[in-house]
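# Understanding the architecture of this molecule
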Amino acid sequence: MGLRGVEARPFSLMRKRPSQHQMKLQICFRLRHSFLSWWSEIWVDLTRLGRKELIRLKMSLANRRDDMSMGSETKAPVLFKDEYELWVLRFKLYIRRKKDGDKFLHSILHGPHPIPVTTLDGREVPKDFSEMDVAERERFMIDVEAQNYLIQAIPNEIFRKLDSYDESAKSIWDQLQKIMMGSKNLMDRYENFKMKEDESLEEAYDRFVELMNDMKENNIIRSEMDYIVKFINNLSSDWKQFSRFVKQHKVLNELKVYEVYENLLLFEEELNEIAAERKKKEKTEADTLALLAEKRES
């Protein structure tokens, strides 16, 4: 029997008034949903802004490097490891623009002027700066300034490799040439590294490790992943299928070069069997062709 003035409805369809706790939960959920929507929009904007700032920073650093490598009227061009030959040209032009530039350059390329000497107690000793005449002081300062200009152009990471830097500008210049050309030769060896045709895996690995150590000694550093990819991709064609297997079944970024080598070493016996079978087949084919040729001639 329905209530007076109220339409009777099944119990399952009657709506209960939410409790105070449920109302609080609903409000909190709506606020949370609104906050997350707002924050997601803000995060997208921040991400976009971050990417733009990162691009600007990279461009700024690239422009700064270009400015440093080019130099200016008051600042010597800075030497970067991969720009030695270009830097030599720029540095010489920078020096020649200076007053007495040819004298500075002569001191750098051919060595300093002889240090003036005086006689003391019957033996020759270098003159103190205060004892030099005007011409001797001028020559002495030419050598000092030439050395100063050269040191200003060398970044700390290269400067630390110098055996000595207080002898003369020419001494520094010659050391730079040795260091930078040595680094260039190492990079050429690294870029052109390939397993030789008659080389075993162990021999190729030993040669690659020696190259890595030489690079590290000259402060040429590559990531472990870079070393691994270089080694695997430049093995002989016989090793390609095994290299692919290692790539597919191992997480390379968690391995070291020697671990990749040890994994490949497991397949060496199988590779030797394949190579022996191939040589046997080639010999059989060669013998067959020789026999056919002999029959034709007869």
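Model, not experiment: these values are computed from the prediction.

With that settled, consider a nonpolar patch on the surface. On the surface, F129, F140, M141 and V144 cluster together into a nonpolar patch covering about 290 Å² of accessible area. If you trace the backbone, F140 turns up in helix α4 (residues 134–152).

The subject of this paragraph is the pattern of salt bridges. The tally for this structure, following the rule as stated, stands at seven salt bridges. Put simply, R90 and E83 hold a salt bridge, and the shortest N to O gap is 3.9 Å. Accessibility expressed as a relative area gives 19% for E83, which makes it buried. The salt bridge partner of R207 is E199, with a shortest N-O separation of 2.9 Å. Classification of R207 as partly exposed rests on a relative accessible area of 25%. Shared partners join several salt bridges into a network, and the residues in it are D100, K103 and E138.

This part takes up the packing of aromatic side chains. For any two aromatic rings, the description comes down to two numbers: the centre-to-centre distance and the angle of the planes. Evaluated as defined, the whole model comprises 15 aromatic pairs. Consider the rings of W87 and W173, whose centres lie 5.7 Å apart with planes at 35°: the pair is tilted. Here W87, found in helix α2 (residues 84–96), pairs with W173, found in helix α6 (residues 169–191); they are 86 residues apart in sequence, far enough to count as distant. Look at W87 and you get buried, because its relative accessible area is 2%. An angle of 40° between the planes, with centres 6.4 Å apart, marks the rings of F91 and Y94 as tilted.

Our next topic: the confidence of the model for the protein. Per-residue pLDDT for the protein has a mean of 77; in total, 68% of the residues score no lower than 70. Taking the mean pLDDT of every element in the protein, the minimum, 61, falls on helix α1 (residues 20–70) and the maximum, 90, on helix α3 (residues 101–110). Across residues 9–14, confidence stays below pLDDT 50; counting only partners more than four residues off in sequence or on other chains, it has one contact.

Ranked by internal contacts, the top residues of the largest apolar core, which has 29 residues, are F208, M215, F231, W239 and L264. Listing elements by their share of this core, those giving two or more residues are α6, α7 (201–217), α8 (224–233), α9 (240–249) and α10 (257–265). Of all hydrophobic cores here, the second largest spans 25 residues; its members include F91, F104, L162 and A169.

Here the focus is the packing of α3 against α6. To describe two helices that pack against each other, one gives the angle between their axes and the distance between the axes. Two numbers describe how α3 lies on α6: the axes approach to 6 Å, and their chain directions differ by 60°. Considered as vectors, α3 and α6 are oriented oblique to each other. Relative to α6, the crossing made by α3 is right-handed. Between α3 and α6, the contacting residues are S107, I108, L109 and H110 on the first element and A169, K170 and W173 on the second. In terms of residue class, the contact of α3 with α6 is built from four nonpolar, two polar and one charged.

Our next topic: the pairing of strand β2 (residues 123–126). Residues in a regular strand project their side chains so that they alternate between the two faces of the sheet. Examined bridge by bridge, strand β1 (residues 117–120) and β2 share four bridges and lie antiparallel to one another. Bridging from a neighbouring strand, V117 pairs with P126 of β2. Where β1 folds back on β2, the antiparallel hairpin that results is connected by two residues, among which D121 adopts a positive phi of roughly 55°.

As a further point, take a positive patch on the surface. Together, K194, K240, R244 and K247 give the surface a local cluster of positive charge. Residue position: K247 is located in helix α9.

On to α2, then. An α-helix turns once every 3.6 residues. As a result, residues three or four positions apart point the same way. Between the first and last C-alpha of α2 there are 18 Å, a value that for 13 residues agrees with the 18 Å anticipated at 1.5 Å per step. Where α2 is concerned, the buried positions are Y84, W87, V88, F91, Y94 and I95. Projected onto a plane normal to the axis of α2, the buried residues spread over an arc of 130° and lie on a single side. Along α2, exposed side chains directed more than 90 degrees from the buried face belong to E85 and L89.

Tracing the backbone shows L235 in the loop between α8 and α9. Judged by its relative accessible area of 5%, L235 falls in the buried class. Measuring from C-alpha to C-alpha, the distance between L235 and E197 comes to 9.4 Å, with 38 residues separating the pair along the chain. Those residues in contact with L235, other than ones at most four positions away along the chain, are M195, L201, K240, S243 and L264.

Rules of the game
Residues numbered from 1 in each chain as written. Predicted model: local features only at pLDDT ≥ 70, side-chain atom pairs only at ≥ 80, totals over all residues. Heavy atoms only, no water. Patch = residues over 30% accessible without salt bridge, like charges linked within 9 Å, V, L, I, M, F, W, Y side chains within 5 Å. Areas by Shrake-Rupley, 256 points an atom, 1.4 Å probe, with all protein chains shown as cover. Salt bridge = Lys/Arg side-chain N within 4 Å of Asp/Glu carboxyl O. Helix = DSSP H or I, 4+ residues; strand = E, 2+ residues; numbered from the N terminus. Buried < 20%, exposed > 50% of the residue type's maximum accessible area, 1.4 Å probe, protein only. Phe/Tyr/Trp six-rings, centres within 6.5 Å; stacked < 30°, edge-to-face > 60°. pLDDT = per-residue confidence, 0-100. Contact = heavy atoms within 4.5 Å. Core = buried A, V, L, I, M, F, W, Y, C linked by side-chain atoms within 4.5 Å. Axes fitted to C-alpha atoms, helices over the stretch in contact; angles between N-to-C directions. Parallel < 35°, antiparallel > 145°, perpendicular 65-115°, else oblique. Left-handed = near helix turned anticlockwise from the far one by under 90°. Nonpolar A, V, L, I, M, F, W, Y, C, P; charged D, E, K, R; others polar. Pairing = 2+ DSSP bridges. Lys, Arg positive; Asp, Glu negative; His and termini not counted. Charge placed at Lys NZ, Arg CZ, Asp CG, Glu CD. Expected span 1.5 Å × (residues − 1). Arc of directions from axis to C-beta.

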